[in-house]
Amino acid sequence: MANTGGPLPSRRKILMEASNSILLYGSEIWAPALRTQVRASKLLSVQRTSALRVTSAYRTVSAGAVLVIAGMIPIDLQAMERHKIFIAKQQSEPQAEYAMTARLETLETWQQRWQNENKGRWTHKVKPNHKTAVTAANKCNCNN
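Residues numbered from 1 in each chain as written. Predicted model: local features only at pLDDT ≥ 70, side-chain atom pairs only at ≥ 80, totals over all residues. Heavy atoms only, no water.

A. Just the overall build of the protein, in detail. Looking only at helices and strands, one finds eight helices and zero strands in the protein. Of all 144 residues assigned to the protein, the portion counted as buried reaches 38%. Intrachain contacts of the protein at a sequence separation of at least 6 include 63% that bridge at least 24 residues. Per element, the accessible surface of the protein, about 8700 Å² overall, is 58% carbon and sulfur. (Helix = DSSP H or I, 4+ residues; strand = E, 2+ residues; numbered from the N terminus. Buried < 20%, exposed > 50% of the residue type's maximum accessible area, 1.4 Å probe, protein only. Contact = heavy atoms within 4.5 Å. Areas by Shrake-Rupley, 256 points an atom, 1.4 Å probe, with all protein chains shown as cover.)

The following block contains the structure:
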């Protein structure tokens, strides 16, 4: 997909969600393997490329910054969220309540990661707190 021209950003975001679904297939099982940086970075590089296309940003934009601009939660955090919900299902906890709690924990972890990120400081000045924008954009759709 070309960086300029081509589909509208809304259609680009749909394509990114489709690629995220493919990346997250079975993540309930393999998500703990993402605790190693090597495995997580491979998934994040694919997600970063998609986010660059959604935002029509240059390839020099950092992964953290482009994900905040695109309003997309990092793929490793999404995988861990799904894993937590899967474990809660096995322990027969109320799914809807736990899904909401897991999403809020994921957003908090992402916010902490964004605060501690060394790259993307110009973007951080514009969007220091992305939780409200992402929650509003996704309407906290916790039933992934």
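Next, the rest of the story.
B. Spotlight on the layout of surface pockets. Reported here for the largest pocket is a volume of approximately 450 Å³. Lining the largest pocket are 20 residues, with Gln37, Leu44, Pro74, Asp76 and Arg113 sitting closest to its centre. Taken together, the elements giving at least two residues each to the lining of the largest pocket come down to helix H3 (37-55), helix H4 (63-70), helix H5 (75-90) and helix H6 (95-116). Taken together, the residues that form the lining of the largest pocket break down as 11 nonpolar, four polar and five charged. (1 Å grid on protein atoms, 1.4 Å probe; cavity = no way out; pocket = protein on both sides within 12 Å on 5 of 7 lines; lining within 4 Å. Points joined across faces, edges and corners; volume = space filled by probe spheres on them. Nonpolar A, V, L, I, M, F, W, Y, C, P; charged D, E, K, R; others polar.)

C. Spatial organisation of the nonpolar core. Within the largest apolar cluster, 26 residues are counted, with the highest numbers of intra-cluster contacts made by Met16, Ala51, Leu67, Ile75 and Trp110. Mapped by element, the contributors of at least two residues to this core are helix H1 (9-23), H3, H4, H5 and H6. Of the residues forming this core, the biggest block, six residues, is contributed by H3. (Core = buried A, V, L, I, M, F, W, Y, C linked by side-chain atoms within 4.5 Å.)

D. View of the packing of H1 against H3. Where H1 meets H3, the axes come as close as 9 Å, and the angle between the chain directions of the two elements is 170 degrees. The angle between H1 and H3 falls in the class roughly antiparallel. Residues Pro9, Arg12, Lys13, Met16, Ser19, Asn20 and Leu23 of H1 pack against Leu43, Val46, Gln47, Ser50, Ala51, Arg53 and Val54 of H3. Here the contact of H1 with H3 is built from residues that sort into seven nonpolar, four polar and three charged. (Axes fitted to C-alpha atoms, helices over the stretch in contact; angles between N-to-C directions. Parallel < 35°, antiparallel > 145°, perpendicular 65-115°, else oblique.)

E. Spotlight on the side chain of Ser50. Among the structural elements, Ser50 can be located in helix H3. Excluding residues that lie within four positions of it along the chain, Ser50 makes contacts with Met16 and Ser19.

F. Spatial organisation of the environment of Gln115. Mapped onto the elements, Gln115 comes out in helix H6. Residues Gln115 and Pro128, spaced 13 residues apart in sequence, show a C-alpha to C-alpha distance of 7.6 Å.

G. Local environment of H1. Compared with an ideal rise of 1.5 Å per residue, which puts 15 residues at 21 Å, H1 spans 21 Å between its outermost C-alpha atoms and is within 8% of the ideal. Of all the positions in H1, only Arg12, Met16, Asn20 and Leu23 are classed as buried. The buried residues of H1 all sit within an arc of 85 degrees when viewed along its axis, so they share a single face. Pointing more than 90 degrees away from the buried face of H1 are the exposed residues Ser10, Arg11, Ile14 and Ile22. (Expected span 1.5 Å × (residues − 1). Arc of directions from axis to C-beta.)

H. Structural view of H4. Here H4 lies mainly inside the structure; six of its eight residues are buried. Buried within H4 are the following residues: Gly64, Ala65, Val66, Leu67, Val68 and Ala70.

I. Looking closely at the pattern of salt bridges. One pass over the structure, following the stated rule, counts three salt bridges. Where Arg103 meets Glu81, a salt bridge forms, and the shortest distance between an N and an O atom there is 3.1 Å. Here Arg103, found in helix H6, pairs with Glu81, found in helix H5; they are 22 residues apart in sequence, far enough to count as distant. Like Arg103, the residue Glu81 is buried in the burial classification. Linking Lys84 and Glu105 is a salt bridge whose minimum nitrogen-to-oxygen distance equals 3.5 Å. Placement of Lys84 in helix H5 and of Glu105 in helix H6 is noted, with a sequence separation of 21 residues between them. Of the residues examined, Lys84 reaches a relative accessible area of 32% and is grouped as partly exposed. Looking at Glu105, the relative accessible area reads 35%, which means it is partly exposed. (Salt bridge = Lys/Arg side-chain N within 4 Å of Asp/Glu carboxyl O.)

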